[in-house]
Amino acid sequence: MSCTSGSTTTPPMGDDSWVGWFLSQMGTEFLCRVPLEFMREKFNLYGLESEVINFSKSLDTIMDLEFCANNWVGQQCGDHIESGRLYGLIHARYIMTPPGIDAMRRKYEFGDFGICPRVYCQGHHVLPIGFSEKPYESTVKIFCPCCQDVYQPTRISAMIDGCMFGPSFPHMFLMEFPSHRPKPPQEKYVPRLYGFQLHKSALEPVPDPAANESA
């Protein structure tokens with residue numbers, strides 16, 4: 001029996017696990033699947049007990065291979081929110097391991113994380129990044145290896161917590177896969193007016209007279 005829910009997506013046929021259900025929900029496209037073996041190792045979970053409410057119950061839910069989303073009724077919402085938070089924190093640790101980085105490599109090469117919005121990066125693939133390792137401090141952003149800048153994702157995945165990736169993942173990824181380090185873009189936008197290049201002072205902010213008077 002396959003899991004179903006009120007959402008528009010369902011896990012793959014034959015996958016009744018909580019992880020399968022969770023990764024089938026809209027907005028989780030940036031996440032990879034963390035193996036149960038990784039989550040069974042206590043060392044990999046060290047320090048996470050204080051990050052979620054009902055840690056043991058949340059972990060049991062994540063490990064459930066026969067979970068059915070039909071059981072997600074109102075009074076259980078809090079449990080699944082905590083389970084999702086715990087999975088995200090575990091995910092951030094997993095993608096810093098060789099198997100996890102390789103799983104994210106496949107998603108990167110397929111373009112699952114999107115492309116850089118900067119014109120001169122010419123559609124270069126991006127990587128997810130979080131500004132904090134703590135939950136609820138920032139949503140996920142995207143890092144472009146080409147221009148090495150950070151942008152807001154345009155997909156619904158932009159709503160997931162940045163702690164599920166952390167601030168170090170893209171840099172670890174590029175250290176692990178040197179072949180994915182692109183050359184910086186050579187082109188740069190040059191402001192022009194009627195074909196003539198503008199002097200940089202033409203676009204500088206106008207000084208605030210009030211600020212000058214107070215000085």
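This text follows the structure it describes.
Cut-off values and rules
- Each residue is numbered by its place in its chain's sequence as written, counting from 1.
- Local features are withheld for residues below a pLDDT of 70 in this predicted model, meaning they are given only at 70 or higher, and side-chain atom pairs are given and counted only at 80 or more; totals for whole chains, interfaces and linings count all residues.
- Only hydrogens and water are set aside; all other atoms, that is, all heavy atoms of the structure, feed into the side-chain values.
- Secondary structure elements are defined from DSSP: runs of H or I of at least 4 residues count as helices, runs of E of at least 2 residues count as strands, and each element is numbered from the N terminus.
- Type-normalised accessible area, obtained with a 1.4 Å probe on protein chains alone, sets the label of each residue: buried when under 20%, exposed when over 50%, and partly exposed for intermediate values.
- Any two of the Phe, Tyr and Trp rings considered here, Trp counted by its six-membered ring, make a pair once their centres fall within 6.5 Å; the pair's planes then place it as stacked at under 30 degrees, edge-to-face at over 60, or tilted in between.
- Paired strands, in this sense, are two strands between which DSSP finds at least two bridges.
- Contacts are assigned to residue pairs that have any heavy atoms within 4.5 Å of one another.
- Axes here mean lines fitted to C-alpha atoms, for a helix over just the part in contact, with angles spanning 0 to 180 degrees between N-to-C directions.
- In the sections that follow, a salt bridge refers to a side-chain nitrogen of Lys or Arg positioned within 4 Å of a carboxyl oxygen of Asp or Glu.

Undergrad: In this structure, what is going on with unusual backbone geometry? I would like to understand it.
TA: If a residue is not glycine, its phi is most likely negative; likewise, a peptide bond is most likely trans. At Gln122, a residue that is not glycine, the phi angle is positive and equals roughly 55°. One non-glycine residue with positive phi stands out, namely Tyr136, at about 65°. Tracing the backbone shows Tyr136 in the loop between strand E1 (127–129) and strand E2 (141–143). Judged by its relative accessible area of 57%, Tyr136 falls in the exposed class.

Undergrad: Help me understand the packing of aromatic side chains, please; the structure alone is not making it clear to me.
TA: Geometrically, a pair of aromatic rings is defined through the distance of the ring centres and the angle of the planes. This model, assessed by the stated rule, comprises 10 aromatic pairs. Relative to Phe165, the ring of Phe30 has its centre 6.4 Å away and its plane inclined at 70°; by these criteria the two rings are edge-to-face. With Phe30 in the loop between helix H1 (18–23) and helix H2 (36–40) and Phe165 in the loop between strand E3 (150–151) and helix H6 (169–176), this residue pair connects regions lying 135 residues apart in the sequence. Among the aromatic residues, those joined into a cluster by ring pairs are Trp18, Trp21, Phe22 and Tyr87.

Undergrad: Help me out: how do you make sense of the sheet that holds E2 in this one?
TA: Two modes of strand pairing occur in sheets, parallel and antiparallel, and in both the strands are linked by backbone hydrogen bonds. Ordered by their spatial adjacency, 3 strands build an open sheet running E1-E2-E3, and the pairing between neighbours is antiparallel. Edge strands, defined here as strands with exactly one partner in the open sheet, are E1 and E3. Bridge analysis of E2 against E3 gives 2 bridges, and the strand direction is antiparallel. What sits directly across from Phe143, in E3, is Val150. Against the sheet, H6 touches E1 and E2, its axis set at about 140° to E1.

Undergrad: Just to check I follow, could you spell out the pattern of salt bridges for this structure?
TA: Where charged atoms from two side chains of opposite charge approach closely, those side chains can pair. A complete count under the given rule lists 6 salt bridges for this structure. Of the charged contacts, one joins Glu51 and Lys134 as a salt bridge, the two residues approaching to 3.2 Å between their closest N and O atoms. A residue pair is termed long-range when its members are at least 10 positions apart, and Glu51 in the loop between H2 and helix H3 (55–62) and Lys134 in the loop between E1 and E2 qualify at 83 residues. Residue Lys134 is classed as partly exposed on the basis of its relative accessible area of 43%. Two residues, Lys107 and Asp112, come together in a salt bridge whose shortest N-O distance is 3.5 Å. Judged by its relative accessible area of 14%, Lys107 is buried. Each of Asp102, Arg105, Arg106 and Glu109 takes part in salt bridges that share partners, so that together they form one network.

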